[in-house]
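# Examination of the molecular architecture
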Amino acid sequence: MELLTEEKLVVLEENADKIRSLIIEMLLEAGSGHSAGPLGMADIFSAFYFHILNHDPKNPDWADRDRLILSNGHICPVRYGAMALSGYFPIEELQTLRKINSRLQGHPHRTALPGVENTSGPLGEGLSQAIGVSLAAKLDGRKYHVYAVTSDGEHEEGNTWEAIMFAGKLKINNLTVVIDRNNIQIDGNTEDIMPLEPLSKKYEAFNWHVIEIDGNNIRMFIDSINEALAITEKPTVIIANTIPGKGVSFMEKDFHWHGTAPDKEQAKKALEELRTLRGKIEHEGQ
Amino acid sequence: MLNPDLKLNPKIFDQDVEKKATRDGYGEALAELGEKNKDVVVLTADLSESTRCEKFAAKFPERFFECGVAEQNMAAIAAGLGVSGKIPFISSYATFSPGKNWETIRTTIIYNNSNVKIAGHHAGIMTGPDGATHQATEDIAVTRCWPGIKVLVPCDSIEAKKVTLAAGETDGPIYLRFTRDKSPIITTEDTPFNIDKMQTFWLSDNPQSVIFTTGYMLYYSLFAAKELEETGINVLVANASTIKPLDGQTILDLVNQTGNAVTVEDHQTTGGLGGAIAEFLAENRPVPLEFVGLKDTFAESGKPEELIEKYGMGIEAIKDAVKKAIKRKSL
């Protein structure tokens, strides 16, 4: 991974903002889908696709590419936005999200769109899939790194803990997990629905290295990835505290936006806010 | 008579016919596959000995993954390995895998098109004394409804080995069904096997009915055919070692000779082989059809032989079903 310069940081922040606009536009066109999660994770996906991942958008099957496994498939608009922006497919194709004959399925499907590493949506399964990919790399002596993005809500699934136990047992060190800790799920706030805290202590108890960060701070996130890559004696989890709906004031921290798409008025307002934000980033970057 | 072209075990009807569990054939094949192909990996959920992975595990420890009692994790890890060039076999009891982890397999293996082989062991009431919790009698139903999967059910340990070797060399998700107890050896090493082909094990002139069967129930079906022939009723017996995709041409060829059919399986008749044959015939060649198998009930603890009698799946039950099918045809 190259060094993160101030100039590069501005580019990553701008791209995060662009991804947010793309998310709003594609959700408006789709008429359904999830808003809060994708917006909250735009910074992390910008960092992944434009700085962290060793990948080639024109050669998505390249055997030595880093793998980004998305477990909480419902936030796929953020992945689609980042993929389109980085050149996997034309930006206009985002308008086909959730429509018939589209490669952009409502929940991501591996065989539908090159660059999508796993089919997901049903929660709690992605970490296990990521472990499988990590084991394959080790068996084949390949150097690629496996990143798995999971949600906090899916830590209510038993499968997630089965996988955490397994990775701890085998000390899988070519795997880094990022938890989108946004504290919301469909029915409410995670700590009301099913308390997850103390989440970091739980991971530590399962023999993981734990880093906790502000998930909307790109520099902090990239620093945490560098730390994770330096830890070789156990798997690392980055608990990324994110603001659901980040960047759109009326969506932020409101669990009602977990599984809802904006209407025309709301989208217009959201895009205006994001444009203003982009102006601010550009201004500060100068 | 036994089909001479299939070179079946000549001692099949003897009292002292050799018996071996199908899971043993699976275990032997795994070890052989491991030798042949370094991409073959095996995962189990705390059942390595009883699902016969221990030979593979001893030979290839770096390619064997003990997942503990966690069938969902096992399935999804295998899914990740399978999309990364590996050929994973996941080994557990069928009630747990593909039972407990059904949706995990659906999403991460079948829909995700990962090259995973799902080995469901302790299938059927043959699991016996363990009771109905451990007797998988719905596994064929819940796997064959998955788009694109292949469903294979060997009739004896020799065929189990062939089926497993074929699965390892066939791309895509496959479900393999194995049983716990020793069952009679029906085939020989020389018996031809083709994953796409249903074979007729019992032939007769002017047959009045045809029995479609799968797994070790083939043995009971062959016995029933032999006894029926002694009373002047000629039947055919076909071994559906591949339940999906069904060999439709062979089914039509046989049913066109008889005008009725019987299915025999150690599984619920709804959704199992019976269901599969019924779906095919309803669409292509509607004829009277009788089902032998579990009829919308769980079984219980007991010796396999006792359970087979109590739940109406033995030789007499098969013979009765054949007579009924023939009678219905003439109505």
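In this text, all values refer to a predicted model and were calculated from it rather than measured experimentally. (Residues numbered from 1 in each chain as written. Chains lettered and ligands numbered in written order. Predicted model: local features only at pLDDT ≥ 70, side-chain atom pairs only at ≥ 80, totals over all residues.)

### Re the overall build of chain A
If you tally the helices and strands in chain A, you get 10 helices and seven strands. Against the globule reference of 19 Å for 286 residues, chain A gives a C-alpha radius of gyration of 18 Å, in line with a compact fold. Projected onto the principal axes, the alpha-carbon positions of chain A cover approximately 50 × 45 × 40 Å. Within chain A, counting contacts between residues at least 6 apart in sequence, those at least 24 apart form 77% of the total. (Helix = DSSP H or I, 4+ residues; strand = E, 2+ residues; numbered from the N terminus. Rg over C-alpha atoms; globule rule 2.2 N^0.38 Å. Contact = placed C-beta atoms within 7 Å.)

### A closer look at the sheet that holds strand S3 (residues 175-181) of chain A
Across a sheet, paired strands are connected by hydrogen bonds in the backbone, their directions being either parallel or antiparallel. Residues and elements named next belong to chain A. Spatially, the five strands line up as an open sheet ordered S1-S2-S3-S7-S6, and their pairing is parallel. The open sheet has two free edges, formed respectively by strand S1 (67-70) and strand S6 (209-214), since each of these has just one partner strand. Averaged over all neighbouring strand pairs, the angle between strand axes comes to 20 degrees, with direction disregarded. Bridge count for S3 against strand S7 (residues 236-241) is six bridges, and the pairing is parallel. In the sheet register, Asp180 faces S7, and the bridge partner there is Ala240. Against the sheet, helix H5 (residues 126-140) engages S1, strand S2 (146-151) and S3, with an angle of about 175 degrees to S2. (Pairing = 2+ DSSP bridges. Axes fitted to C-alpha atoms, helices over the stretch in contact; angles between N-to-C directions.)

### Examining the environment of B:Ile318
Residues and elements named next belong to chain B. By secondary structure assignment, the location of Ile318 is in helix H12 (residues 315-330). Sequence separation of Ile318 and Val142 is 176 residues, and the distance between their C-alpha atoms is 25 Å. Ignoring anything within four residues of it in the chain, the contact list for Ile318 reads Ile211, Tyr220, Ser221, Ala224, Val262, Val264 and Val292.

### Digging into the interface of chain A and chain B
Taken together, the contact between chain A and chain B spans 19 residues of the former and 22 residues of the latter. When residues of the side of chain A that touches chain B are traced back to their parent elements, those giving at least two are H5 and helix H6 (158-170) of chain A. Looking at which element gives the most residues to the side of chain A that touches chain B, the answer is H5(A), with nine residues.

### Overview of the pairing of strand S7 (residues 174-177) of chain B
Residues and elements named next belong to chain B. Residues Ile174 and Leu176 point to one face of S7 and Tyr175 and Arg177 to the other, with burial holding for every one of them. Sheet topology places strand S5 (residues 117-121) next to S7; four bridges connect them, and they run parallel. Pairing of Ala119 across the sheet is with Leu176, part of S7. Both strand S6 (residues 150-152) and S7 contribute to a ladder of three bridges, which runs parallel. Bridging from a neighbouring strand, Leu152 pairs with Leu176 of S7. (Buried ≥ 20, exposed ≤ 12 C-beta atoms within 10 Å, placed from the backbone.)

### Considerations on the packing of H6(A) against helix H3 (residues 71-82) of chain B
Across the interface, H6(A) lies against H3(B) with an axial gap of 8 Å and an inter-helix angle of 70 degrees. Taken together, the axis directions place H6(A) and H3(B) in an arrangement best described as roughly perpendicular. Judged by residue contacts, A:Asn159, A:Glu162, A:Ala163 and A:Phe166 of H6(A) engage B:Gln72, B:Asn73 and B:Ala76 from H3(B). When grouped by side-chain class, the residues that make up the contact of H6(A) with H3(B) number three nonpolar, three polar and one charged. (Parallel < 35°, antiparallel > 145°, perpendicular 65-115°, else oblique. Nonpolar A, V, L, I, M, F, W, Y, C, P; charged D, E, K, R; others polar.)

### Considerations on helix H1 (residues 22-36) of chain B
Residues and elements named next belong to chain B. For H1, built from 15 residues, the straight-helix expectation of 21 Å at 1.5 Å per residue is met to within 8% by its first-to-last C-alpha distance of 21 Å. Looking at H1, one finds that the buried residues are Thr22, Arg23, Gly25, Tyr26, Gly27, Ala29, Leu30, Ala31, Leu33 and Gly34. In this structure, the buried side of H1 is in contact with strand S2 (40-44), helix H2 (54-59), strand S4 (87-93), S5, helix H7 (157-168) and strand S8 (183-184). (Expected span 1.5 Å × (residues − 1).)

### Observations regarding the environment of B:Asn284
Residue and element names in this part refer to chain B. Within the secondary structure layout, Asn284 lies in helix H10 (residues 273-284). Once the C-alpha coordinates of Asn284 and Thr214 are considered, the two residues, 70 residues apart in sequence, prove to be 21 Å apart. Among all residues touching Asn284, those that are not within four sequence positions of it are Gly248 and Leu252.

### What about the confidence of the model for chain B?
Within chain B, residue pLDDT values average 97, and 100% of them lie at 70 or more. Among the prediction metrics, the complex's ipTM stands at 0.95, with pTM recorded as 0.96. (pLDDT = per-residue confidence, 0-100.)

### A short note on the nonpolar core
Counting 185 residues, the largest nonpolar core has A:Phe48, A:Ile131, B:Ala78, B:Ile211 and B:Val322 as the members making the most contacts within it. Counting only domains with at least three residues in this core, you end up with domain 1 (4-15 + 193-330) and domain 2 (19-184) of chain B. Those residues within four positions of B:Val322 in sequence are excluded, and the remaining contacts are B:Ser209, B:Ile211, B:Ala224, B:Leu228, B:Ile233, B:Val235 and B:Val262. (Core = buried A, V, L, I, M, F, W, Y, C linked by C-beta atoms within 7 Å. Domains from an automatic or database assignment.)

### Topic: the sheet that holds strand S11 (residues 235-239) of chain B
Residue and element names in this part refer to chain B. Spatially, five strands are ordered S9-S11-S10-S13-S14 in an open sheet, and the strand pairing comes out mixed. For this open sheet the edge positions go to strand S9 (199-202) and strand S14 (289-294), each flanked by a neighbour on one side alone. In this sheet, adjacent strand axes meet at a mean angle of 25 degrees when their direction is disregarded. Pairing between strand S10 (residues 209-213) and strand S13 (residues 261-268): four bridges, direction parallel. By the bridge assignment, Phe212 is partnered in S13 with Thr263. On the sheet, H10 packs against S10, S13 and S14 and is oriented at approximately 145 degrees with respect to S13. Its contacts with the sheet put H12 on S10, S11, S13 and S14, and the angle it makes with S14 is roughly 160 degrees.

### Considering the packing of H1(B) against H7(B)
Residues and elements named next belong to chain B. Contact geometry of H1 with H7 gives a least axis separation of 7 Å together with a crossing angle of 40 degrees. When the axes of H1 and H7 are compared, the pair comes out oblique. Of the two possible hands of crossing, H1 and H7 adopt the one that is right-handed. Judged by residue contacts, Thr22, Asp24, Gly25, Tyr26, Glu28, Ala29, Leu30, Glu32 and Leu33 of H1 engage Ser157, Ile158, Ala160, Lys161, Thr164, Leu165 and Gly168 from H7. Looking at the contact of H1 with H7, its residues break down into seven nonpolar, five polar and four charged. (Left-handed = near helix turned anticlockwise from the far one by under 90°.)

### Comments concerning the domain arrangement of chain B
Residue and element names in this part refer to chain B. We note that the domain assignment places domain 1 (4-15 + 193-330) and domain 2 (19-184) within chain B. Centre-to-centre, using C-alpha coordinates, domain 1 lies 25 Å away from domain 2. For the side of domain 1 that touches domain 2, the secondary structure elements donating two or more residues are helix H8 (217-230), strand S12 (242-244), S13, H10 and helix H11 (304-310).

### A closer look at the pairing of S4(B)
Residue and element names in this part refer to chain B. Of all seven residues in S4, seven are buried, a share of seventy percent or more. Of the strand pairs in this sheet, S4 and S5 are connected by five bridges, and their pairing is parallel. Residue Tyr93 lies in a different strand from S5, and its bridge partner there is His121.

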